[in-house]
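Observations on the three-dimensional arrangement
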Amino acid sequence: MNLLRKKSVQMLLNEAGQKGVSLKKDLGAFDLTMLGIGAIIGTGIFVLTGVAAAEHAGPALVLSFILSGLACVFAALCYAEFASTVPVSGSAYTYSYAAFGELIAWILGWDLILEYGVAASAVAVGWSGYFQGLLAGFGIELPKALTNAYNPEKGTIIDLPAICITLFMAFLLSLGVKKSARFNAIMVVIKVAVVLLFLAVGIWYVKPENWSPFMPFGFSGVATGAATVFFAYIGFDAVSTAAEEVRNPQRNMPIGIIASLFICTLLYIAVSLVLTGIVPYEQLNVKNPVAFALSYINQDWAAGFISLGAIAGITTVLLVMLYGQTRLFYAVSRDGLLPKVFSKVSPTRQVPYVNTWLTGVIVACFAGMIPLNKLAELTNIGTLFAFITVSIGVLILRKTQPNLKRAFRVPMVPVIPLLAVAFCGYLIFQLPAITWIGFVSWSLIGLVIYFTYGRKHSTLNDVKDITVEKAG
């Protein structure tokens with residue numbers, strides 16, 4: 001058996017249209033852009049900016065965001081080409097099936113499962129913290145045992161708010177993609193309005209002397225800061241998982257991916273400049289840097305709105321992460337590499353309903369019972385690995401299938417895909433050794449699952465009348 005056997009683009013498109021396993025095409029360019037902003041604007045602005053400025057980049061945090069943004073822009077163009085050419089669920093996993101073959105696709109899909117699962121769990125825990133803070137403002141406190149993951153020393157047993165919000169998001173996703181997209185759009189409007197409020201209030205209190213020294217930790221600090229805040233950008237990857245549920249994906253997918261990334265990059269740059277201009281960077285090592293900055297300039301009335309925006313922002317990130325996770329499970333299961341229960345579609349709502357609830361329960365258990373602060377960095381390495389793979393995949397398909405119909409084409413090939421590989425490769429080597437150990441360990445577990453289950457149940461084993469491309 002050839003471990004690098006590929007699926008042709010036509011075969012992937014045929015599978016997406018199979019009766020009984022197809023998803024409803026309900027999303028347009030606006031929905032996709034809102035989905036991307038929903039996933040990207042969240043913990044990046046409301047949490048990571050302070051720590052990255054205080055510990056790594058100082059006022060040069062703006063350069064960290066630009067560096068990460070460039071890496072994502074180059075990768076996003078590559079994603080846009082694939083998404084318009086192969087509008088099928090599964091994102092980088094599906095693209096790899098066409099470019100590299102089954103084994104590489106499985107490894108990438110398995111790593112993306114970790115990325116989405118850990119990200120969703122970590123975001124749910126972050127939501128819980130903000131929500132408990134909001135309740136405390138009204139004089140309401142939950143029993144300590146129900147406020148955090150199991151920790152006998154602190155007297156905590158389970159993080160009940162994290163479990164509840166995760167299950168509610170799973171319920172919302174089970175109602176159908178259009179209802180989920182509407183809820184997401186409302187939350188996005190709220191959080192973008194709050195970010196603009198911060199900029200409108202804070203810009204009058206900026207002191208240019210707070211930007212000096214501009215690069216207190218040197219360029220290495222800027223690079224480390226870029227690797228840290230990269231977590232803020234991973235959301236556009238989730239947009240590509242929606243490809244199979246998009247009307248006119250050849251047009252709308254590139255618009256959704258590129259527009260959401262462009263808008264969010266501008267907001268990140270503006271916020272980092274104003275934030276470090278208001279508060280000396282040394283004082284920004286706090287969990288709520290944006291609200292803290294407004295309190296620092298005695299604008300507590302606006303700080304309350306920031307907390308509300310943070311909750312709305314983190315809610316949409318959790319929704320999109322869970323959405324991406326369910327669509328990834330759906331795509332891998334449809335290929336036979338995971339049990340078929342993950343690709344069973346509701347005949348009325350046309351969503352993978354069993355998969356949605358299984359994912360919600362699993363993520364809820366992780367979020368509620370296991371401290372995930374150390375695992376969060378695994379999200380970054382999995383995403384960077386996916387970006388590198390997709391960028392190389394564009395070059396491979398341009399070489400092996402030059403006549404393939406591409407509604408969107410990456411400009412300046414091979415320069416832009418190689419720049420994506422270079423930028424993402426640079427950032428991936430800025431991550432600590434423990435992250436690499438976790439990533440390799442997870443990948444090895446994935447290989448065991450593939451050789452004991454996936455290889456035997458792959459739908460390619462039954463292919464007779466369709467020619468399957470083979471490597472070499």
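Residues numbered from 1 in each chain as written. Predicted model: local features only at pLDDT ≥ 70, side-chain atom pairs only at ≥ 80, totals over all residues. Heavy atoms only, no water.

Focus: the layout of surface pockets
Estimated volume of the second largest pocket: approximately 280 Å³. Lining of the second largest pocket is provided by 15 residues; of these, Ile-113, Gly-117, Ile-362, Phe-366 and Trp-442 occupy positions nearest its centre. No other element matches helix α6 (residues 102-137), which puts six residues into the lining of the second largest pocket. Here the residues of the lining of the second largest pocket are counted per class, giving eleven nonpolar, four polar and no charged. (1 Å grid on protein atoms, 1.4 Å probe; cavity = no way out; pocket = protein on both sides within 12 Å on 5 of 7 lines; lining within 4 Å. Points joined across faces, edges and corners; volume = space filled by probe spheres on them. Helix = DSSP H or I, 4+ residues; strand = E, 2+ residues; numbered from the N terminus. Nonpolar A, V, L, I, M, F, W, Y, C, P; charged D, E, K, R; others polar.)

Observations concerning the confidence of the model for the protein
Looking at the protein as a whole, its pLDDT mean stands at 85, while 94% of the residues score no less than 70. Of the regions scoring below 50 in pLDDT, residues 465-472 engages in 15 contacts with residues more than four places distant in sequence or in other chains. (pLDDT = per-residue confidence, 0-100. Contact = heavy atoms within 4.5 Å.)

Here's the deal with the pattern of salt bridges
Across all of its chains, the model carries six salt bridges by this definition. Where Glu-244 meets Arg-334, a salt bridge forms, and the shortest distance between an N and an O atom there is 2.8 Å. Of this pair, Glu-244 sits in the loop between α10 (235-240) and α11 (249-278) while Arg-334 is found in helix α13 (residues 300-334), placing the two residues 90 residues apart along the sequence. Take Glu-244 and Arg-334: they sit in the same class, and that class is buried. A salt bridge links Glu-245 to Arg-327; the nearest nitrogen and oxygen atoms lie 2.9 Å apart. With Glu-245 in the loop between α10 and α11 and Arg-327 in helix α13, this residue pair connects regions lying 82 residues apart in the sequence. The exposure classification of Glu-245 matches that of Arg-327, with both residues buried. What emerges from the salt-bridge pattern is a single network uniting Glu-81, Arg-398 and Arg-406. (Salt bridge = Lys/Arg side-chain N within 4 Å of Asp/Glu carboxyl O. Buried < 20%, exposed > 50% of the residue type's maximum accessible area, 1.4 Å probe, protein only.)

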